[in-house]
Amino acid sequence: METKIVKIDKINMNKEVISEASQVISEGGLVVFPTETVYGLGANALNGEAVKKIFIAKGRPQDNPLIIHVSDYDIGYLVEEITPIAKKIIEKFWPGPVTIILKKSKIVPCITSAGLATVGIRMPSNIIARKLIEEAKVPIAAPSANISGKPSPTTLDSCVEDLNGRVDFIIGGDISEVGLESTIVDCTVEPPCILRPGGITLEELKKIDPRIYIDPGIMIKVEGDIKPKAPGMKYRHYAPKAPLKIVKGELEEVVLYITECTSLCIERGIKVGIIASDETKGEYTRGIIKSLGKRENLAEISRNLFSVLRCFNNEDVDMILAESFEEEGIGIAIMNRLKKAAGYDIIEL
Ligand code: TXA
Ligand code: MG
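The paragraphs below set out a description of the structure included in this document. A quick note: this is a predicted structure, and the numbers were derived from the prediction, not measured.

Of the pockets and cavities examined, the largest pocket occupies roughly 740 Å³. For the largest pocket, the lining is made up of 45 residues, of which Arg-60, Asn-64, Pro-65, Ile-184 and Arg-196 are closest to its centre. Contributing elements (two or more residues each) for the lining of the largest pocket: strand S4 (67-69), strand S5 (98-103), strand S6 (118-122), strand S9 (183-186) and strand S10 (193-196). Counting residues per element, the lining of the largest pocket draws most heavily on S6, at four residues. Each residue belonging to the lining of the largest pocket can be placed in one class, and the counts come to 18 nonpolar, 19 polar and eight charged. In terms of lining residues, the second largest pocket is bounded by Lys-248, Gly-249, Glu-250, Leu-251, Val-254, Arg-295, Leu-298, Glu-323, Ser-324, Phe-325 and Glu-326.

As structure tokens, this is what we get:
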């Protein structure tokens, strides 16, 4: 399939591009578009045949439901009921990086919700995304615009790398400013539960309802009875080609460990990549070093994480060692993605 690729900017938004892409959605095609979290691979959420194409283009398992993206606060037709907590989340955080799970209405096809009785909905803050949905006049189902298993795309280039030839249209915008996917909150249970940490933090959500908690199944390896509640969180994900190990401990010790381990590996002919931070990158002298940004600015670390993971696929490395970050605020989401990328291979010092 021939993919049309067009880059536009938010300020001088090119109306013809939005209108052409929205036409593709209306006709049951696939459009990749920017959002503030990561790029999405969209189709008309209410058209089962169109949604099926998303699963094929991504190579996504059929049991993994999609998030529906809206541009209008009136979501009553998509769900059975908007629970009080969902109302509060919508009022405070939409448009923005948070998805709510509610009981779905009959209008939502089974393929969109992967057979579940619930559906995830979010209103992106990215203006290109919202204009596209508005003009298509239908809600848009969109997973992240990557081939299943690879790190989610935060730039046009990453989308092109994964999906050129597999979709009808790719709209390029700026780099996704959050860089990690939306926080998912299950609003069908009491107390409400975070199924995936993301752009809106636990601390921010607790201001709405202090009982909100993070599904214990998602920060640890899937084992025995403890399974994550969001189907997608059980899959190996975000993984670079080379095996990744996280080194956890006091920062000085971590740097020392990575330095020594890198030297030993290189002496044995093993090529090492290092995921560092601005504060530490100068201390490493061997290996291929990439910084995620400043430790004091976790938003920057979050924005750069997926592109750095992807970068290593174009480098000749046999293994990657990553520093770890505080599990606080957006740091919870950063460590959640890093741990999944590492297959929970963590060296605790
Ligand atoms: O920020 C985001 O949410 C991005 C952008 C494109 O909006 N989208 C995204 O979609 O990350 P995706 O498909 O890559 O991840 C959706 C996650 C999966 O883990 C899926 O299992 C979970 O949401 N999910 C979707 N619907 C659900 C439901 N009804 N119940 C539980 N989990 C659900
Ligand atoms: Mg994804």
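In the vicinity of ligand 1 there are 28 residues, among which Thr-37, Asn-64, His-69, Ser-182 and Gly-232 approach most closely. A distance of 2.6 Å separates an oxygen atom of ligand 1 from a polar side-chain atom of Ser-182. A distance of 2.9 Å separates an oxygen atom of ligand 1 from a polar atom in the side chain of Arg-196. With the chains in place, 97% of the 680 Å² that ligand 1 exposes on its own is no longer accessible. With respect to the pocket detection grid, ligand 1 is positioned in the largest pocket. Considering every element that reaches the shell around ligand 1, the biggest residue donor is S6, with four residues. Its residues assigned to classes, the shell around ligand 1 shows 15 nonpolar, nine polar and four charged.

To continue, consider the pattern of salt bridges. Under the criterion given, the structure shown has 19 salt bridges. Between Lys-271 and Asp-316 there is a salt bridge, with its nearest N and O atoms 3.2 Å apart. Of this pair, Lys-271 sits in the loop between helix H7 (251-267) and strand S13 (272-276) while Asp-316 sits in the loop between helix H8 (298-311) and strand S15 (319-323), and the two are 45 residues apart along the sequence. Among the residues examined, Lys-271 registers a relative accessible area of 39% and is labelled partly exposed. The partner of Glu-300 in a salt bridge is Lys-294, with the nearest N and O atoms 3.4 Å apart.

Cut-offs used in this document
- Residues numbered from 1 in each chain as written.
- Chains lettered and ligands numbered in written order.
- Predicted model: local features only at pLDDT ≥ 70, side-chain atom pairs only at ≥ 80, totals over all residues.
- Heavy atoms only, no water.
- 1 Å grid on protein atoms, 1.4 Å probe; cavity = no way out; pocket = protein on both sides within 12 Å on 5 of 7 lines; lining within 4 Å.
- Points joined across faces, edges and corners; volume = space filled by probe spheres on them.
- Helix = DSSP H or I, 4+ residues; strand = E, 2+ residues; numbered from the N terminus.
- Nonpolar A, V, L, I, M, F, W, Y, C, P; charged D, E, K, R; others polar.
- Near = heavy atom within 4 Å.
- Polar contact = N/O pair within 3.5 Å; in protein donor to acceptor, adjacent residues only side chain to side chain.
- Areas by Shrake-Rupley, 256 points an atom, 1.4 Å probe, with all protein chains shown as cover.
- Sits in = over half its atoms within 2 Å of the grid points.
- Salt bridge = Lys/Arg side-chain N within 4 Å of Asp/Glu carboxyl O.
- Buried < 20%, exposed > 50% of the residue type's maximum accessible area, 1.4 Å probe, protein only.

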